[in-house]
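Here is how the chains run, residue by residue.
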Amino acid sequence: SSLSQKVGFEAARPVNAMAGRAVAWLLLAGSLCILLRTALNFVAATTPGRQTRLALHARGGEGPELVEQLLKPEVLLLDVRTAEEYADGHVDGSVNIPHTQIEARAAELPEDSSTPVVVFCAKGIRAQMAQAVLAKLGYANVVNGMTWIQVQETIDQLPQ
């Protein structure tokens, strides 16, 4: 009996060693990917003339569409958080209409429904709901910028 146990144990040893090596290689490969990405982000952030390229990869909901929309001079920045949240911090030049009040306060929106709009909130969920309400009201040129902080960061990256 002890001979069969010994044979079974010895046969499993190479398999365990191979699995251990495979896990070590996977961890090493993952670490190298993270280091490479960090290095590339650093180079992109510190290379002169790359700010526009960084802005094209904005963290907002619709990335390049967000940047394109923000570059339009007549864009409406619509913050759909509560008045209290807005008072705690907001994007300069933005208009605050909570998402639950958009239909009731439609008179405060531009008359021209083709006006470009960037809608945003705290997490992007209310912005998505507001985007649907705006579409129902006829606004077809609406981009979800997700959070007000992401919109502000994207604006800060744009060429002045």
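This is a predicted model, so every value here is computed, not measured.

A. Representation of the nonpolar core. Core analysis: the largest hydrophobic core is formed by 15 residues, its most contacted members being L78, V80, I102, L109, V119 and L134. Looking at this core, the elements that each hand over two or more residues are β1 (76-79), β3 (117-121) and α5 (125-136). In terms of residues, this core owes the most to one element, α5, which gives 4 residues. Residues in contact with L78, not counting those within four places in the same chain, are V95, I97, L109, V117, V118, V119, F120 and L134.

B. Quick look at the side chain of T147. Mapping T147 onto the fold places it in strand β4 (residues 142-147). The residues touching T147, leaving out its near neighbours within four places in the chain, are F120, C121, A122 and K123.

C. Highlighting the pairing of β4. Taken across its 6 residues, β4 has 5 buried, putting it largely inside the fold. The sheet contact formed by β3 and β4 spans 5 bridges and is parallel. Counterpart to V118 in the pairing with β4 is V143. For the handedness criterion, the β-α-β arrangement of β3, α5 and β4 is classed as right-handed.

D. Just helix α6 (residues 148-157), in detail. For α6, the set of buried residues is Q150, V151 and T154. Considered in projection along α6, the buried side chains sweep an arc of 100° and stay on one side of the axis.

E. A look at the confidence of the model for the protein. Per-residue confidence for the protein gives a mean pLDDT of 77; residues scoring 70 or more make up 61%. Across the protein, strand β2 (residues 95-96) holds the top mean pLDDT of 98, while helix α2 (residues 51-56) sits lowest at 38.

F. Layout of the sheet that holds β2. Taken in spatial order, the 4 strands line up as β2-β1-β3-β4 in an open sheet, and their pairing is parallel. A strand with exactly one partner marks an edge of an open sheet, and here the two such strands are β2 and β4. Strand contacts of α6: β1, β3 and β4, with the helix running at about 105° to β4, the strand carrying the most contacts.

Rules behind the numbers
- Residues numbered from 1 in each chain as written.
- Predicted model: local features only at pLDDT ≥ 70, side-chain atom pairs only at ≥ 80, totals over all residues.
- Heavy atoms only, no water.
- Core = buried A, V, L, I, M, F, W, Y, C linked by side-chain atoms within 4.5 Å.
- Buried < 20%, exposed > 50% of the residue type's maximum accessible area, 1.4 Å probe, protein only.
- Helix = DSSP H or I, 4+ residues; strand = E, 2+ residues; numbered from the N terminus.
- Contact = heavy atoms within 4.5 Å.
- Pairing = 2+ DSSP bridges.
- Right-handed = clockwise from strand over helix to strand, strands pointing away.
- Arc of directions from axis to C-beta.
- pLDDT = per-residue confidence, 0-100.
- Axes fitted to C-alpha atoms, helices over the stretch in contact; angles between N-to-C directions.

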